[in-house]
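# Descriptive structure summary
So you can see what is in the structure, the chains are spelled out below.
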Amino acid sequence: MTQRLREAIEALHTIDDLPEAEQASLALTVLDLVKSARTRTSWGPKWRDSTPQERASEFLEWAASRKGGPGLTLEQIHRDTIYE
């Protein structure tokens, strides 16, 4: 769920305190956001809707899929050689 949709849903808790015209507007906004949420492409990149745990898991999966590169030796990443 996107931040914008969360904020709209939170606003529903105080909907009775709003004038009738604003209640209708808020309800329509929430409906539009829910309809749009069904199609992820309307919200942009997937990471925008992912939790930090989901992003970390997807990153680790991606990193694990990258095999066979030359990599760096321990000597190359030693603290003394990094700054040369």
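Our structure's up above, just so we're on the same page.
Residues numbered from 1 in each chain as written. Predicted model: local features only at pLDDT ≥ 70, side-chain atom pairs only at ≥ 80, totals over all residues. Heavy atoms only, no water.

### Quick word on a nonpolar patch on the surface
Heads up, the rule is: Like charges are joined within 9 Å and nonpolar side chains (Val, Leu, Ile, Met, Phe, Trp, Tyr) within 5 Å, but only among residues with over 30% relative accessible area and no salt bridge; these make up the patches. Throughout, the Shrake-Rupley method with a 1.4 Å probe supplies accessible areas, and for residues the shown protein chains are the sole cover considered. Salt bridges, as used here, are contacts in which a Lys or Arg side-chain nitrogen is within 4 Å of a carboxyl oxygen on Asp or Glu. Helix and strand definitions follow DSSP, with helices as H or I runs of at least four residues and strands as E runs of at least two, each counted in order from the N terminus.
Together, Phe59, Leu60 and Trp62 make up an exposed nonpolar region whose accessible area comes to about 350 Å². Among the structural elements, Phe59 can be located in helix H3 (residues 52–64).

### Focus: the packing of aromatic side chains
Stated precisely, the cut-off is as follows: Side-chain rings of Phe, Tyr and Trp, where Trp is taken by its six-membered ring, are said to pair if the distance between their centres is within 6.5 Å; with planes under 30 degrees apart they count as stacked, over 60 as edge-to-face, and otherwise as tilted.
Following the criterion strictly, the structure yields one aromatic pair and no others. Judged by centre distance (5.7 Å) and plane angle (35°), the ring pair of Phe59 and Trp62 falls under tilted. Remark: Trp62 and Phe59 occur in helix H3; sequence separation between them is three residues, near one turn of the helix.

### Side note on the nonpolar core
Filter applied, for reference: Definition of nonpolar core: a set of buried residues of the types Ala, Val, Leu, Ile, Met, Phe, Trp, Tyr and Cys, connected through side-chain atoms within 4.5 Å. Burial classes follow relative accessibility: with a 1.4 Å probe on protein chains only, a residue under 20% of its type's maximum area counts as buried, one over 50% as exposed, and anything between as partly exposed. In this analysis, two residues are considered to be in contact whenever any of their non-hydrogen atoms come within 4.5 Å of each other.
The biggest cluster of nonpolar side chains holds six residues, and these are Leu5, Ala8, Ile15, Leu26, Val30 and Leu33. Of all the secondary-structure elements, those providing two or more residues to this core are helix H1 (3–12) and helix H2 (20–37). Per-element accounting of this core gives the leading share, three residues, to H2. When residues no more than four places from it in sequence are discounted, the contact partners of Leu26 are Ala8, Ala11, Leu12, Ile15 and Leu18.

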